[in-house]
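Spelled out, the chains give:
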Amino acid sequence: MLRPSPKGLRKRTLSTSPIMHDDGCAKLQRLTRDAIVDEPVKPRPVREEVVWGKTPDGQVFRVPTTHDVLTALFHPAYTKSHLDILNLSLLGLQLILFYFLPRGVSKRFFLLYFVFWRTAYNAGLGWILTKQSKKRWIVREIQRLGWLDETRRPARRRWIRAQLAGKMGKDYSFDDLPLEYNTWLLFRQLVDVILLNDFLAYCMFAFASFRVPEGLSLPVHVLRWIGGISLIVFNVWVKTEAHNVVKDYGWYWGDCFFQRGALVFDGVFELAPHPMYSVGYAGYYGLSLIVGSYPVLFVSLTAHAAQFAFLIFFENPHIERMYGKRKPIAVRKPLLPDEITKPREVKAREVSVSDMYHEDSVCDSTPSVTEGETASESELETETETDDVPTPRSQPKRSRELPAIGVAAVVSSRQPEGRQQVSQHDLYHKYFRRDVVILQNIDLLRSSDVMLVLLILYLGVASCLPTLSHRTTLVLHFVHACAWCTFHSFGLGLLLRAQSQSKFIVRHFLKNYHYPSNDNGDGAVQEAFTNWKAIYNMSLCMTYISLGGLAWKTYSWPEMWSEGDALLRHTLGALFIGLHAWAARESYDVLGVFGWFYGDFFAEDFPAHLEYTGIFRYLDNPELMSGASFLGLALISGSKLVGFLAVMRFVSHWWFLKAVENPHMRKLYGESLRKEAGFVKVIKNAATKNALLLESRAGRHAPDIRRVAKEVKGTFDKVFEETADVVEEFLAKSKPKISEVMQETKVLLQQSRERLIITRVANDLSSCDIAKYKLSILPSQSGNKRFHLGEPIRVQWQAPLGHSRRDWVGIYRVAANKSTLVTRTSTFGKWLPVHDEEWDGDVPLSNHRVSPKSLEPETGTLTFQGSTLPWNVGQYEVRYHHDGKYNVLSLDGPFEVYVEKHGSLDFDSVRERLAHIVPLCLDNDPSLIPLSCGGTGTAETSSDMGGAADGRDSDDFTFWSEEQAKRISTAIEEAFDVEYAPEVIMADANLTALAKRILVSKQLLVNS
């Protein structure tokens, strides 16, 4: 707390940031404005401090003095209101019941009674205060009921006036004070009833549960009582000190009704966060120690948890609504040189990882309870707040020139400048790239993540397995080996084919990870290839390890090697395994590490040429010999399961060659591929010679044999060619059909998701003249009903004057609703109320109707923007709904939401398109959009850097939430046909960098 110094009060400068208190409200406590610095204070008459309040509509009033509840309720000198008498009666009734009820009955009764009052506190007051905080619900209900209106409810008003005036001092005037303040005083009466009865019910339950624990020594009992009493005394001290700081204004959530001067928090609020809800409940546990009851302890824990729920679901959201300041993300705030290179002897790093992470967090954190200043902190701020520190500049760096894309060259009239200054945003994205935290940010195309998931799965499965029979163990090993064999050939094969056809793996890394804008896409290619190599090598190893494990489980040592085929099987098996090892080694010697990992699927800058040397001189695909080891292990183990895996290995690898590797080789090397391998050529030559020898010996039957052979060969060739033509024609014709079916499936899934609502219809439609309801879409900026993605949509409505004030208008996809009378799909937030004051979020309030005094209809205009807009291209319609239900009274449409496709792929045109897209996706907020698009910069940026003059790039932009980055990602995908994750958009946060990234992506994918 503030205390006078020996030389008088020192002048303090209050911080403009909100200061939080544990009751969840940022309170303001006036400070004395008259101060003398370092001079003795002359005696002067003590003047009463005046505290001023302000209602939400701007009315300023003098806040009267209030008294705490214990003094007003129990002091005999204070007048007791009817509500005070009710409160005292309820408290006295508890004492009487505790005295007369048997112990067992008393325990159960007061437990239920405490649950009732605790629910009334945490759930009841939490619900009421939330509605008051959002929509001033309590005040509006008092207005609607007319309780304080002298003309509508004079008797009720006089009674309330008598109840309030009797509890206040001489400075209170019921008629002069605003409705909000009197409503708060009335609300206090309700809170007093709930809090006091809640406290006494808990105490009665604890006393009814009192027992002396058995088996404890006397010193333990003494310590138990001492500890319990200490906790209770500490509880009372915390509550008392907290009330001395926040006064009745904070104790009874006054800022839900009106505002008063500035709050400063010190004292007990520097002891712990939310002390009244955390350490302020220590008395619960002290009383549990004294009564020695486990039920009391568990009830205390439950009640304390309910209090924290009250804090989380009401207090913290109320703080954010009233005092929270939205922090933009992706803000590039330059760091000073002394912030970047700190001396080692400095203890506190000002630029920490957590700070950088917090800078890009999407959600605003709840302000800390102890955010108030101490005297020394305030004085330090006063002394240093006017210091001006010049911001250094760095020289611009030269950027690499982008390669050409097709005919249009990537020519930039604006050479992208290097960052003039280092910022926290850039440092964060330099050192952190979607790092895995526990299991968050798992990416199954990142090798380290795959290995982590596999390790967890293996350990989890192994830990959960019971003792298994030999047969069950064999089945598990067989399934395990089959899974890895299938994944290695078919899983990785499909992944590699997608990479060959559409650069799938590279696109994935381009989409989800941020790379420097001047690396021309090399970073994405290198990271994709690096992770592919690790995943492929892991899969290869696990395939053979799982096979070896199955073979080991099925192997049994022969009793007699000289009898039967045991020795032969072992010999042939060892030879097959040796053959596989030799073929793999020879293949690696020829291919090298580049070919071993299929590098030509990724790295296009390697020279593309073929050399048939080593084992490839004889075989085109020596990889087929990898099945030899499977066959060898099958022979050695003598197991049909291993033999099945050997056949499966040959078949799957044959598919891999035909469907993945051979098409890619033809695509890459074309006609330079040889027709036949050396081994095949030799066999064919030998076969031809033998055929000629057979023909020479056939004599007069030679022509007939030759003719039959040609016919058979021709028949096979014709069948093969016709089959290939039919398959190719089928695939060519079915591709658009398949695409259409997939698109329709996506639409159906979207519609089925939209239909997951419970349709509510009204019963009073007979009183509505539907002809008097009209809805029309106002033209877009282009003068028609085509709206660019993100462009505000204005809708004009007309309704009779006596219409329901809970009417609302929603946007839906065309054909999402078959009926024009009732809507049966969800808007997913794309709706607006006709009268916003009649809604609490998406919940309609009272159905208040205006009595028609004129025949003229009521009209208005609604503007859909931001999150209420549809953020997917397509055809939409608007629907006017009745009375908070889903009855349609009018509709209009269709209108189209579109994104203009790109034209030429040069830097200037791409950047120009982005300069149109980005501001729309950022709701044209001048504090977010780039300065080059008319932005003004964020408040944080402007205050800290002074705008663009102090180093901000004019193409930089920021976000309020990740949702805005998702919008930009969607628009870029529609406009340029490239996908980026929101994290990549947020990492760039610059028109020039984003335009370069799009050009690089198109360059990498142009050949696919």
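This section reports on the structure supplied with the text.

Rules of the game
Residues numbered from 1 in each chain as written. Predicted model: local features only at pLDDT ≥ 70, side-chain atom pairs only at ≥ 80, totals over all residues. Heavy atoms only, no water. Helix = DSSP H or I, 4+ residues; strand = E, 2+ residues; numbered from the N terminus. Core = buried A, V, L, I, M, F, W, Y, C linked by side-chain atoms within 4.5 Å. Buried < 20%, exposed > 50% of the residue type's maximum accessible area, 1.4 Å probe, protein only. Contact = heavy atoms within 4.5 Å. Axes fitted to C-alpha atoms, helices over the stretch in contact; angles between N-to-C directions. Parallel < 35°, antiparallel > 145°, perpendicular 65-115°, else oblique. Left-handed = near helix turned anticlockwise from the far one by under 90°. Nonpolar A, V, L, I, M, F, W, Y, C, P; charged D, E, K, R; others polar. Pairing = 2+ DSSP bridges. Polar contact = N/O pair within 3.5 Å; in protein donor to acceptor, adjacent residues only side chain to side chain. Phe/Tyr/Trp six-rings, centres within 6.5 Å; stacked < 30°, edge-to-face > 60°. Lys NZ or Arg CZ within 6 Å of the ring centre and 35° of its normal. Expected span 1.5 Å × (residues − 1).

### Focus on unusual backbone geometry
Here is step 1 of the chain: In this chain, Gly-893 is followed by Pro-894 through a cis amide linkage whose omega measures 5°.
Here is step 2 of the chain: With respect to the helices, strands and loops of the structure, Pro-894 is situated in strand E13 (residues 888–898).
Here is step 3 of the chain: The backbone of Asp-883 sits at a positive phi, close to 55°, despite the residue not being glycine.
Here is step 4 of the chain: With respect to the helices and strands, the residue Asp-883 is situated in the loop between strand E12 (874–881) and E13.
Here is step 5 of the chain: For Asp-977, which is not glycine, the phi dihedral falls at a positive 60°.
Here is step 6 of the chain: Looking at the element boundaries, Asp-977 is found in the loop between helix H25 (962–976) and helix H26 (982–988).

### Details of the nonpolar core
One recurring pattern in soluble globular proteins: nonpolar side chains tend to sit buried together.
Here is step 1 of the chain: Core analysis: the biggest nonpolar cluster contains 65 residues, and Tyr-181, Phe-187 and Trp-253 have the highest contact counts within it.
Here is step 2 of the chain: For this core, the secondary-structure elements that each account for two or more residues are helix H1 (69–74), helix H3 (103–135), helix H4 (137–145), helix H5 (154–165), helix H6 (179–208), helix H7 (218–251), helix H8 (282–291) and helix H9 (294–322).
Here is step 3 of the chain: Contacts of Tyr-181, omitting those with residues within four sequence positions, involve Phe-61, Val-63, Pro-64, Thr-66, Met-168, Tyr-172 and Phe-258.
Here is step 4 of the chain: Membership of the second largest hydrophobic core comes to 57 residues, among which are Ala-330, Val-809, Leu-914 and Val-978.

### Quick look at the packing of H6 against H8
Here is step 1 of the chain: Close contact between H6 and H8 brings their axes to 10 Å; oriented N to C, the two are set at 20°. As summarised for this structure, H6 and H8 are arranged roughly parallel, according to the angle between their axes. Crossing angle aside, the handedness with which H6 passes H8 is right-handed. Across the interface between the two elements, Asp-198, Tyr-202, Cys-203, Ala-206 and Phe-207 from H6 touch Tyr-284, Leu-287, Ser-288 and Val-291 from H8.
Here is step 2 of the chain: Taken together, the residues that form the contact of H6 with H8 break down as seven nonpolar, one polar and one charged.

### Concerning the sheet that holds strand E4 (residues 774–777)
Here is step 1 of the chain: One open sheet accounts for three strands, arranged E4-E6-E11; its pairing is antiparallel. Each edge of the sheet is formed by a strand with only one pairing partner; in this case those strands are E4 and strand E11 (858–864). Between one strand axis and the next, the sheet turns through 20° on average, direction left out of account.
Here is step 2 of the chain: Pairing of E4 with strand E6 (residues 793–799), which is carried by four bridges, proceeds in the antiparallel orientation. From the neighbouring strand, Ile-777 faces E6, where its bridge partner is Val-795.

### Quick notes on the sheet that holds strand E2 (residues 60–62)
Here is step 1 of the chain: Taken together, three strands build an open sheet; the order of strands is E2-E1-E3 and the sheet is antiparallel. Strands at the two margins of the open sheet, each flanked by one partner only, are E2 and strand E3 (259–260).
Here is step 2 of the chain: One ladder, built from two bridges, connects strand E1 (residues 52–54) with E3; its direction is antiparallel. Paired with Lys-54 across the two strands is Gln-259, which belongs to E3.

### Here we look at the packing of H8 against H9
Here is step 1 of the chain: Between H8 and H9, the least distance of the axes is 9 Å, while the angle of their chain directions is 170°. Classed by the angle they form, the pair H8 and H9 counts as roughly antiparallel. Residues Tyr-284, Tyr-285, Ser-288 and Val-291 of H8 form the contact with H9, whose own contacting residues are Val-296, Leu-297, Ser-300, Leu-301, Ala-303 and His-304.
Here is step 2 of the chain: Tallied by class, the residues present in the contact of H8 with H9 amount to seven nonpolar, three polar and no charged.

### Focus on the pairing of E13
Here is step 1 of the chain: With three bridges connecting them, strand E5 (residues 786–788) and E13 associate as parallel partners. Note on E13: the bridge partner recorded for His-788 is Tyr-898.
Here is step 2 of the chain: Across seven bridges, the pairing between E12 and E13 is antiparallel. Each residue of the ladder has a partner; that of Gln-875, found in E13, is Glu-896.
Here is step 3 of the chain: Here E12 folds back onto E13, and the loop between the two strands holds six residues, one of which, Asp-883, carries a positive phi near 55°.

### Section: the environment of Ser-954
Here is step 1 of the chain: You can see Ser-954 is positioned in the loop between helix H24 (939–945) and H25.
Here is step 2 of the chain: For Ser-954, a relative accessible area of 28% gives the class partly exposed.
Here is step 3 of the chain: A C-alpha to C-alpha distance of 8.4 Å links Ser-954 and Cys-933, two positions 21 residues apart in sequence.

### Section: the side chain of Ser-890
Here is step 1 of the chain: Looking at the element boundaries, Ser-890 is found in strand E13.
Here is step 2 of the chain: Among the polar contacts listed, one links the side chain of Ser-890 to the backbone nitrogen of Leu-775, at a separation of 3.2 Å.
Here is step 3 of the chain: The contacts of Ser-890, once residues within four sequence positions are left out, are Tyr-773, Lys-774, Leu-775, Val-878, Arg-879 and Tyr-880.

### Quick look at the packing of aromatic side chains
Here is step 1 of the chain: Throughout the structure, instances matching the rule amount to 44 aromatic pairs.
Here is step 2 of the chain: The interplanar angle of 90° and the centroid separation of 5.0 Å between the aromatic rings of Tyr-281 and Tyr-284 together place this pair among those described as edge-to-face.
Here is step 3 of the chain: What makes Tyr-281 buried here is its relative accessible area of 7%.
Here is step 4 of the chain: An aromatic cluster is present here, built from Phe-529, Trp-532, Tyr-536, Phe-597, Tyr-598, Phe-601, Phe-602 and Phe-656 joined pairwise through their rings.
Here is step 5 of the chain: The positively charged end of Arg-260 is found above the aromatic ring belonging to Tyr-249, 5.1 Å away from the centroid.
Here is step 6 of the chain: Sitting above the plane of the Tyr-898 ring, Arg-786 keeps its charged end 4.0 Å from the centroid.

### Things to note about helix H15 (residues 470–502)
Here is step 1 of the chain: When the terminal C-alpha atoms of H15 are compared, their 46 Å separation across 33 residues agrees well with the 48 Å that a helix rising 1.5 Å per residue should span.
Here is step 2 of the chain: Where H15 terminates, the next one or two residues include Lys-503, which has phi positive at roughly 55°.

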